[in-house]
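# Survey of secondary and tertiary structure
This is what each chain is made of:
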Amino acid sequence: MTADDRLAALVDALAGEPGVAPPQPGRRRFGSTALTVDGSVFAMAVGGALVLKLPRERVAALVAAGAGSPFANGSGRPMREWVALGSDDALDLALAREALAFVGGR
């Protein structure tokens, strides 16, 4: 399954959650192809990977477990609260719910 397919599955699964909005493809800015909560990005498909925003400790644990890799911005600098998930989609929904709670609780 592609990253876009994985994101589409999350959009379907989380569409009814309070404050959650699907991607806005017509917009030209960071997160234009992202799932948001109250206007803040928590899941997106970038460069062929599903990327989630989670607490830095959780990102470090996922990277250490081999479930993902650090996500880097356009200049190549790793972003500590973002993880690019590996190819196994079994944890996508559970991790996306964690990301939703993390970003939505800010």
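A short tour of the structure in this document, coming up. (Residues numbered from 1 in each chain as written. Predicted model: local features only at pLDDT ≥ 70, side-chain atom pairs only at ≥ 80, totals over all residues. Heavy atoms only, no water.)

### Quick notes on the overall build of the protein chain
The condition is simple: Under the scheme used here, helices are H or I runs from DSSP no shorter than 4 residues and strands are E runs no shorter than 2 residues, and both carry numbers assigned from the N terminus. A 1.4 Å probe rolled over the protein chains alone gives each residue an accessible area, and that area as a share of the maximum for its type sets the label: buried under 20%, exposed over 50%, partly exposed in between. Contacts between residues were defined by any pair of non-hydrogen atoms, one from each residue, lying within 4.5 Å. Positive charges are assigned to Lys and Arg, negative charges to Asp and Glu, while His and the chain termini are left out of the count. Working definition for charges: the position is that of NZ of Lys, CZ of Arg, CG of Asp or CD of Glu.
Secondary structure summary: the protein chain contains three helices and six strands in total. Counting from the amino terminus, the protein chain carries its helices and strands in the arrangement α-β-β-β-β-α-β-β-α. Taking the principal axes of its C-alpha atoms as reference, the protein chain extends roughly 30 × 30 × 30 Å. With 106 residues in all, the protein chain has 38% of them scored as buried. The contacts of the protein chain with a sequence gap of at least 6 include a subset with a gap of at least 24, amounting to 53%. For the protein chain, the centre of its 11 positive side-chain charges and the centre of its 11 negative side-chain charges are spaced 11 Å apart.

### A few points about the packing of helix 1 (residues 3-14) against helix 3 (residues 92-104)
Note the following rule: Lines are fitted to the C-alpha atoms to define the axes, a helix being fitted only along its stretch in contact, and any angle between axes, read from their N-to-C directions, falls within 0 to 180 degrees. For a crossing to be left-handed, the near helix must be turned anticlockwise from the far one by less than a right angle; the clockwise case is right-handed. Put simply, Ala, Val, Leu, Ile, Met, Phe, Trp, Tyr, Cys and Pro go in the nonpolar bin, Asp, Glu, Lys and Arg in the charged bin, and everything else, Gly too, in the polar bin.
Close contact between helix 1 and helix 3 brings their axes to 10 Å; oriented N to C, the two are set at 65°. The handedness of the crossing between helix 1 and helix 3 comes out as right-handed. Residue-level inspection shows Arg6, Leu10, Ala13 and Leu14 of helix 1 in contact with helix 3, the latter providing Asp92, Leu93, Ala96 and Arg97. In terms of residue class, the contact of helix 1 with helix 3 is built from five nonpolar, no polar and three charged.

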